[in-house]
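Next come the chains, spelled out residue by residue.
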Amino acid sequence: MYFHTSFAVLAACTSIIPLVSAAITSCPSPESTTTFPSGSQFLICPFTDFQGPSAQVIRNIGTLSACVRQCNSIPACTNAVYNRGSSICHIKGPVGQLTWVENEKYDVVRLRSAIATTEVETPEVEVPEGENISKCPVKQAASTFAAPGGKKFTTCPGTDLKGASAQVIKNIKSSEECAKICSTTTGCVKAVWDSTGKVCHIKEPEETNTLIWVVSKRFSVISLDKVSNPTATGKWGDLIRLPVIPVAGYVVPQFPDSSRILVFSSWGPDAFGGASGLTQFADYNFKSGEVSQRSVANTKHDMFCPGMSSLEDGRMLISGGSDAAAVSLYDPATNTFAKGPEMKIPRGYQTSVTTSEGKIFELGGSYSGKRGGKTGEIYDPVANTWTLLPGAKTDPMLTVDAEGVWRTDNHAWLYGWKNGTVFQAGPSKAQNWFDTKGSGSSTPAGKRSGRDAMCGVNVMYEPGKILSTGGSQSYTNSPGVVLTHITTITEPNVPSTIEAVASMSYPRGFANGVVLPDGTVLVTGGQRRSMVFTDTDGILFPELFNPATKTWKTLAPEAVPRNYHSISILLPDGTVFSGGGGLCYVGGGVGSKTSGCNKAVDHADGQVFSPPYLFAKDGSLAVRPVIAKVSGTSVRVGGQLVVSVSGVGEGAKLVLVRMGSVTHSINSDQRRVPLTDVKVAGGTYTATLPGDSGVLIPGHYYLFAVSATGVPSVAKTIKVTRM
């Protein structure tokens, strides 16, 4: 069933708690809305309950979205309550028989058309005051002003551009007058008119300043109409409102192709603080647009700040974090979580990585548990056990950080390689080899130029080739880095070769990197100076690195700063999801209020970026190759795939990209492996896969056909096994 969920702030309700609970008249937190093809729309208010009679009690309802569907399927249902702990959906009676209260165990569902007409009408700007936007939300057509010389300015009332102003002109009586001033001011592209103060703000250039478009009734944003060319700079979609801040996320492997991302925060959708045994998830279907929310408590694991690595069978192992020893295993076949064996060493902010033997290696993580001494350990999925590796010490890879030891072993750049080895490319300048066999060991490999690069971007864009850029010397309150390197590795324990290449245009701390099917690397977000929980000096313009020319290109800006606690991840259609940023620390634990938090820097949303390769020269959508048939969905390392492809022309390539999982700028799952041993007969491609499981790490991959001009197909899912 198709249905779409977006976010709104209106009013809501709850279900069964002590009668002493104070009644509420509006939802105390942002509500999501679920819209069905029939036009029915339901509001969802988390952590609230409707006290009062239930017309029907439906058990074994696994998710909140399933409860919404139940209510939609019952003609008389206008209110429902979902009990997350018991998986029960309560179909409630009329709202007049119910008392709405706060209760962390429940979520209230209301049919929007049934809401009393005495509630506040939806304003002309449908997005809440202060919310970030990517396009003008006004229902009526925005006004335009034609300036001398052919310039045309568009006005979007009820919105503001947060950010620096180059000039502030007082006693300006209208937005049109402000537009005229902008049209005669050299370099003016954007301006804001303040209807209350009668002030015209000429904004600083967005290329060198962070300008954030938000809903604000007293202002009007004035913009010079410019022709954008997605062929050159790509194109961003509209903002996707989510019920949680996506601090971490991963693509769910599905056949023949994937359609879902699971993202999560902590015990709260917008807050964290302490071990809680609870994690809030959102499930985003990027094909249908459906968004649903779920709470995971059965594994007793607050997964905030974990290690994440995918196993050969498709399960995602999520380790440590706030509940520092806990392990959860997500099974895509059943869409369920199971508790795994606890790690030997409690960790948070560690990195985990899948090895050539299909095991999971963990290293570092002094954010949680005791500080220092976070030596390596390895998980064997066959035995379902962890083994300490006392010889795999963190000492060789520690950074120098102003905040000390709890930061110095965080977020290692780890890559599974041949014969059970793992290469550590950063964030320390020092690079090392780690052997995961026996009791473990480490061997120095090389040293990058420049300084350490905590939370820097690092991506294996082809086997043995690692691009690294950005980051900062210290975790926070530290200047962002522009330096870029290519590290080349060959055989285990052989010193790495490190080449300094062209720097990015923007310094970036807390950025994210994604390898694209054509081998280029997209870097999104980050800020000029790493500052946790801020939008300050956020970089909205992504950059694209081309390994063939070793150059960078600046692309179209996204709408929202994506800094600390943001993610980006490749989707099977060759687009990139970029989202998140923020999440407020609340010391009181589960259910604590977040009213004192700076909500302006909490970004429970995302955008999808279409890179330039998806567009023709005239800006229309490019003609894409089509994978019509694949000989199988599972293939062993060194095995063959027979692929039927149309619409590629001569010079096309087959490429495997391992599905990603990302948090805190680390995506140790992703890697791109071009298939080089390919025989072509017409539209039939017979590919022999690399024979080393250190090059082709076991797990689930996107299979792309890429034309000679770099246009990718929509990927099919392929499972790569060792045997």
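Just so it is clear, the structure is predicted and the values come from calculations on it, not from any experiment. (Residues numbered from 1 in each chain as written. Predicted model: local features only at pLDDT ≥ 70, side-chain atom pairs only at ≥ 80, totals over all residues. Heavy atoms only, no water.)

### Quick look at the overall build of the protein chain
Looking only at helices and strands, the protein chain features four helices and 56 strands. At 26 Å, the protein chain has a C-alpha radius of gyration in line with the 27 Å of a compact globule built from 723 residues. Seen along its three principal axes, the alpha-carbon backbone of the protein chain occupies a region of about 70 × 70 × 60 Å. Here the protein chain, with 723 residues, has 59% of them falling under the buried criterion. If you sum the accessible surface of the protein chain, you get close to 26,500 Å²; carbon and sulfur atoms cover 53% of it. (Helix = DSSP H or I, 4+ residues; strand = E, 2+ residues; numbered from the N terminus. Rg over C-alpha atoms; globule rule 2.2 N^0.38 Å. Buried < 20%, exposed > 50% of the residue type's maximum accessible area, 1.4 Å probe, protein only. Areas by Shrake-Rupley, 256 points an atom, 1.4 Å probe, with all protein chains shown as cover.)

### Side note on the pattern of salt bridges
Across all of its chains, the model carries 22 salt bridges by this definition. In this structure, Lys593 engages Glu102 in a salt bridge whose closest nitrogen and oxygen atoms are separated by 2.4 Å. In this pair, Lys593 is assigned in the loop between strand S45 (584–585) and strand S46 (605–610) and Glu102 in strand S7 (residues 99–111), connecting sequence segments 491 residues apart. Owing to a relative accessible area of 54%, Lys593 belongs among the exposed residues under this scheme. For Glu102, a relative accessible area of 35% corresponds to the partly exposed category. A salt bridge links Asp270 to Lys599; the shortest N-O distance between them is 2.4 Å. Highlighted residues: Asp270 in the loop between strand S17 (260–264) and strand S18 (271–272) and Lys599 in the loop between S45 and S46, separated in sequence by 329 residues. Residue classification places Asp270 among the buried residues on the basis of a relative accessible area of 18%. Since its relative accessible area comes to 37%, Lys599 is described here as partly exposed. One network of salt bridges, in which partners are shared, links Glu131, Arg241, Glu558, Arg562 and Asp605. (Salt bridge = Lys/Arg side-chain N within 4 Å of Asp/Glu carboxyl O.)

### Comments concerning the side chain of Asn285
Along the chain, Asn285 falls in strand S19 (residues 279–285). Among the polar contacts made by the side chain of Asn285, one reaches the main-chain amide nitrogen of Lys287 at a distance of 2.9 Å. Once you skip the residues sitting within four places of it in the chain, Asn285 turns out to touch Ser259, Arg260 and Glu290. (Polar contact = N/O pair within 3.5 Å; in protein donor to acceptor, adjacent residues only side chain to side chain. Contact = heavy atoms within 4.5 Å.)

### Considering the packing of aromatic side chains
In this description, a pair of aromatic rings is defined by centroid distance and the angle of the planes. As enumerated under the stated definition, the model contains 23 aromatic pairs in all. Their ring planes at 65° and their centres at 5.5 Å tell us that Phe272 and Tyr585 sit as a pair that is edge-to-face. One end of the pair, Phe272, is in strand S18; the other, Tyr585, is in strand S45, and 313 residues separate them in sequence. Ring geometry for Tyr506 and Phe541: centres 6.4 Å apart, planes at 15°, overall stacked. Of this pair, Tyr506 sits in the loop between strand S37 (497–501) and strand S38 (512–515) while Phe541 is found in the loop between strand S40 (529–530) and strand S41 (543–546), placing the two residues 35 residues apart along the sequence. By relative accessible area, which is 10% here, Tyr506 ends up buried. Put simply, the rings of Phe272, Phe304, Tyr349, Tyr367, Trp406, Tyr475, Phe510, Phe533, Tyr564 and Tyr585 touch in pairs and so form one group of aromatic residues. We note Arg407 situated over the ring of Trp406; from NZ or CZ to the ring centre the distance is 3.9 Å. Over the aromatic face of Tyr475 sits the side chain of Arg407, whose NZ or CZ is 3.9 Å from the ring centroid. (Phe/Tyr/Trp six-rings, centres within 6.5 Å; stacked < 30°, edge-to-face > 60°. Lys NZ or Arg CZ within 6 Å of the ring centre and 35° of its normal.)

### Observations concerning the state of the cysteines
All told, the structure shown has seven disulfides when counted by the stated rule. Across a sulfur-sulfur distance of 2.0 Å, Cys71 and Cys77 are joined as a disulfide pair. What sets the handedness of the Cys71 and Cys77 disulfide is the S-S torsion sign, and at about -95° it is left-handed. Look at Cys77 and you get buried, because its relative accessible area is 3%. (Disulfide = S-S within 2.5 Å.)

### Here's the deal with the sheet that holds strand S32 (residues 441–447)
Taken in spatial order, the four strands of this open sheet run S29-S30-S31-S32, and their pairing is antiparallel. At either end of the open sheet lies a strand with only one pairing partner, and these are strand S29 (413–416) and S32. Across this sheet, the average inter-strand angle for adjacent strands is 25°, counted without regard to direction. Sheet analysis places strand S31 (residues 430–435) next to S32, joined by six bridges and oriented antiparallel. Bridge pairing links Trp433 to Thr443 in S32. (Pairing = 2+ DSSP bridges. Axes fitted to C-alpha atoms, helices over the stretch in contact; angles between N-to-C directions.)

### Overview of the nonpolar core
It is characteristic of soluble globular proteins that their nonpolar side chains tend to be buried jointly. Counting residues in each nonpolar core, the largest one holds 49 residues, and the members touching the most others are Ile261, Tyr284, Leu516, Val521, Leu570, Phe577 and Tyr702. Leave out the neighbours within four places in its chain, and Tyr284 touches Ile240, Leu242, Ser259, Arg260, Ile261, Gly289, Glu290, Val291 and Phe577. Judged by nonpolar contacts, the second largest core, of 22 residues, contains Val645, Val648, Ala652 and Tyr701. (Core = buried A, V, L, I, M, F, W, Y, C linked by side-chain atoms within 4.5 Å.)

### Some thoughts on the sheet that holds strand S49 (residues 640–646)
Reading across from one edge, S47-S49-S54-S53 is the order of the four strands in this open sheet, with antiparallel pairing throughout. This sheet does not close on itself; its edge strands, each paired only once, are strand S47 (626–630) and strand S53 (677–681). Within the sheet, the average angular offset between the axes of one strand and its neighbour, ignoring direction, is 30°. For S53 and strand S54 (residues 684–688), the ladder comprises five bridges, and the chain directions are antiparallel. When the sheet's bridge partners are listed, Ala681 is paired in S54 with Thr684.

### Considering the confidence of the model for the protein chain
Confidence in the prediction of the protein chain, expressed as mean pLDDT, is 92, and 94% of residues score 70 or more. Low pLDDT, under 50, characterises residues 1–20; the predicted model gives this stretch 102 contacts beyond four residues in sequence or across chains. A low-confidence stretch, residues 114–125 stays under pLDDT 50, and its non-local contacts, those more than four residues away or across chains, total 15 contacts. (pLDDT = per-residue confidence, 0-100.)

### Some thoughts on the side chain of Gln280
Position of Gln280 relative to the elements: it lies in strand S19. A polar atom in the side chain of Gln280 sits 3.2 Å from the backbone oxygen of Trp267. A distance of 2.8 Å separates polar atoms of two side chains, one belonging to Gln280 and the other to Ser295.

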